[in-house]
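Overview (structure and organization)
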Amino acid sequence: MRLSGRHIDCIRGGRDVFSGLDFEASSGEVLAVLGPNGSGKTSLLRLIAGLLVPAGGSVGLEGGEAELTLPEQSHYLGHRDALKPALSVHENLAFWRDFLGGAAGDLSQCLSAVGLGHATHLPAAYLSAGQRRRLSIARLLVVRRPVWLLDEPTSALDTAGQDLFTGVMRDHLASGGIIIAATHTPLGIGARELRMGGGK
Amino acid sequence: MSALAALILRDIKIALRVGGGALIGVLFFLTVTVLMPFAIGPDLALLTRLGPAILWLGALLASLLTLDRLFTADHEDGSLDLIVMGRAPLELACAAKALAHWLAAGVPLIVATPALGLLLNLDATATAAVALTLLVGTPALTFTGMIGAALAVTLHRGGLLLAVLVLPLSIPVLIFGVAASQAAITGPLSFGTPFSILCALSLVSLVVGPFAAAASLRHGLD
């Protein structure tokens, strides 16, 4: 499987965020998107996720499932955790498992894997920022998607959480997945780097 | 469980829990209707004549009250991004959300109508007629309102804009809903004529609403 972008232009709010950007990542590879604030890291991830339309160029996945689009084969872990405070930890995760569809794993096993096994019936409103992030990471585990788009994945995580997440990413890569991660902190995994310009 | 069933169940659960909108709509409906006799005065004949219109206006405003949270809540916490990326078509996801909103916020209004009819001196036939027109007409309010909710999703404090966008679209529903109720109470029109048009309006909005909302969500995301 190979995810690649060719000559991508991105314009947001009339401002040229980046132009003529090329990137590629194959199965088992991490592409770390680096750059200062405002250089377009999040824009690039949202563009790959199909949430932004590129002003020019194209993004494509070779070797994935033919009937599905790239966004339908991707997980997007953004700044916002997509959790409902009124629902319990278990209900939040069960909803995303059912809604996202595809091959699904065991709920309680995934919750234990991210260290939330003791809090399954707690409403998500009572979770700390780090725990919310862990619950979002459980979403990546419970439904299988080959492409992971991660925006600052380790923000709010403690050191144990960061180590845990490194392990999660290793397992994903070992099973042939692709990870594109926008980050300021080292991921703890050997990664190909994509440096974004300083903005214009 | 299928994706759409999961979405409907989740939205209903959230609406029924603390901080959800289901009860607020009914309480607002109750308040508006209770205030009317105080404003109009104890003229029973006048109350009977205005009753259907008051109930319809109350239901319209009550459904508008909770509609602006339909997409903004999901947009603010990032769920909407994942719903757009999901394998379920966005049009069907929009329809599922509107259906859940109607079940949680629209149906309680219809259930409350008989009790409120008493306050407005409506007899059993009149109350039944109003409840029936609300049953048929409130889906139209939800599904046209959804278009406004989708347009206002990226705006902060878009609730007011939503009202300005949606209220003109609900005028036909209001006209035929009240006309059908009046026809059942006083005549001279037959109940069937305005009622069929009301049904038609609902069916049209069931088809157009999800497509329009999905299109505006796709363009509005950034």
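Conventions used here
Residues numbered from 1 in each chain as written. Chains lettered and ligands numbered in written order. Predicted model: local features only at pLDDT ≥ 70, side-chain atom pairs only at ≥ 80, totals over all residues. Helix = DSSP H or I, 4+ residues; strand = E, 2+ residues; numbered from the N terminus. Expected span 1.5 Å × (residues − 1). Buried ≥ 20, exposed ≤ 12 C-beta atoms within 10 Å, placed from the backbone. Arc of directions from axis to C-beta. Contact = placed C-beta atoms within 7 Å. Pairing = 2+ DSSP bridges. Axes fitted to C-alpha atoms, helices over the stretch in contact; angles between N-to-C directions. Parallel < 35°, antiparallel > 145°, perpendicular 65-115°, else oblique. Left-handed = near helix turned anticlockwise from the far one by under 90°. Nonpolar A, V, L, I, M, F, W, Y, C, P; charged D, E, K, R; others polar. Core = buried A, V, L, I, M, F, W, Y, C linked by C-beta atoms within 7 Å.

Side chains that are three or four residues apart share a direction in an α-helix, a result of its 3.6 residues per turn. All names here are of chain A. Relative to the 22 Å expected for 16 residues at 1.5 Å per residue, helix α5 (residues 159-174) spans 23 Å between its end C-alpha atoms, a close match to the ideal helical length. Inspection of α5 places Phe165, Met169 and His172 among the buried residues, and these make up the whole buried set. Buried residues of α5 fall within an arc of 60° about the axis and therefore sit on the same side. Opposite the packed face of α5, turned more than 90 degrees from it, sit the exposed residues Thr159, Ala160, Asp171 and Ala174. In this structure, the buried residues of α5 make contact with α4 (129-142), β6 (147-151) and β7 (178-182).

Moving on to the interface of chain A and chain B. Contact residues are listed per partner, giving 22 residues for chain A and 22 residues for chain B. Where the side of chain A that touches chain B is concerned, the elements lending two or more residues are β5 (74-77) and α2 (89-100) of chain A.

Once that is clear, we can look at the sheet that holds strand β4 (residues 56-62) of chain A. All names here are of chain A. Spatially, three strands are ordered β2-β1-β4 in an open sheet, and the strand pairing comes out antiparallel. Two strands in the sheet have a free side with no partner beyond their single neighbour: β2 (15-26) and β4. The sheet shows a mean angle of 15° between the axes of neighbouring strands, direction not considered. In this structure, strand β1 (residues 2-12) lies alongside β4, joined through six bridges in antiparallel fashion. Residue pairing in the sheet places glycine 5 in a bridge with valine 59 of β4. Here helix α1 (residues 41-48) sits on the sheet in contact with β1, β2 and β4, set at roughly 120° to β1.

With that out of the way, let us pick up the pairing of β5 of chain A. All names here are of chain A. Side chains Ser74 and Tyr76 of β5 all project onto a buried face; the interleaved residues His75 and Leu77 project onto the opposite face, where all are buried too. As paired elements, β5 and β6 share four bridges and run parallel to each other. Counted as the bridge partner of tyrosine 76 is leucine 149 from β6.

Right, let's get into the packing of helix α3 (residues 44-67) of chain B against helix α7 (residues 124-151) of chain B. All names here are of chain B. In the contact formed by α3 and α7, the axes pass within 10 Å of each other and the chain directions differ by 30°. In terms of axis orientation, α3 runs roughly parallel to α7. Relative to α7, the crossing made by α3 is right-handed. Only Ala126, Val130, Leu134, Thr138, Leu141, Thr142, Gly145 and Ala149 of α7 make contact with α3, whose side of the interface consists of Gly51, Pro52, Leu55, Ala59, Leu60, Ser63, Leu64 and Leu67. Residues of the contact of α3 with α7, tallied by class, amount to eleven nonpolar, five polar and no charged.

All right, on to the environment of histidine 121 of chain A then. Residue and element names in this part refer to chain A. Secondary-structure assignment places histidine 121 in the loop between α3 (107-113) and α4. Look at histidine 121 and you get exposed, because 9 C-beta atoms sit within 10 Å. In this structure the C-alpha to C-alpha distance between histidine 121 and histidine 90, which are 31 residues apart in sequence, comes to 6.1 Å. Histidine 121 has contacts with Ser88 and His90, leaving out every residue within four places of it along the chain.

Turning our eyes to something else, we now look at the sheet that holds β6 of chain A. Residues and elements named next belong to chain A. The sheet built from five strands is open, its strands ordered β5-β6-β7-β3-β8 with parallel pairing. The strands lining the two open edges of the sheet, one partner per strand, are β5 and β8 (192-195). Across the sheet, the mean angle from the axis of one strand to that of its neighbour is 15°, orientation sign disregarded. Against the sheet, α1 touches β3 (30-34), β6 and β7, its axis set at about 150° to β7.

All names here are of chain A. Topologically, lysine 41 is positioned in helix α1. Lysine 41 gets classed as buried once you count the C-beta atoms within 10 Å, which come to 25. Along the sequence, lysine 41 and serine 74 sit 33 residues apart, while their C-alpha atoms lie 17 Å from each other. Lysine 41 has contacts with Val33, Gly35, Ala182 and Met196, leaving out every residue within four places of it along the chain.

Moving on, we come to the environment of lysine 97 of chain B. Residue and element names in this part refer to chain B. Position of lysine 97 among the secondary structure elements: in helix α6 (residues 90-119). What makes lysine 97 buried here is the crowd of 25 C-beta atoms within 10 Å. For the pair lysine 97 and valine 166, spaced 69 residues apart in sequence, the C-alpha to C-alpha distance is 17 Å. For lysine 97, the contacting residues outside a window of four places in its chain are Leu7, Asp11 and Leu70.

All names here are of chain A. Strand direction decides the pairing type here: β1 and β2, joined by eight bridges, are antiparallel. Directly across from arginine 2, in β2, lies its bridge partner serine 26. Between the antiparallel neighbours β1 and β2 lie two residues, among them glycine 13 with a positive phi of about 60°.

This part takes up the nonpolar core. Residues Leu93, Ala138, Leu149 and Ile180 of chain A together with Met146, Ala149 and Ala150 of chain B are the most contacted members of the largest nonpolar core, which totals 124 residues. In terms of residue count, α7 of chain B provides more of this core than any other element does, 14 residues in total. Once residues lying within four places of it in the same chain are set aside, the contact partners of alanine 138 of chain A are Leu93, Cys110, Leu111, Val114 and Leu116 of chain A.

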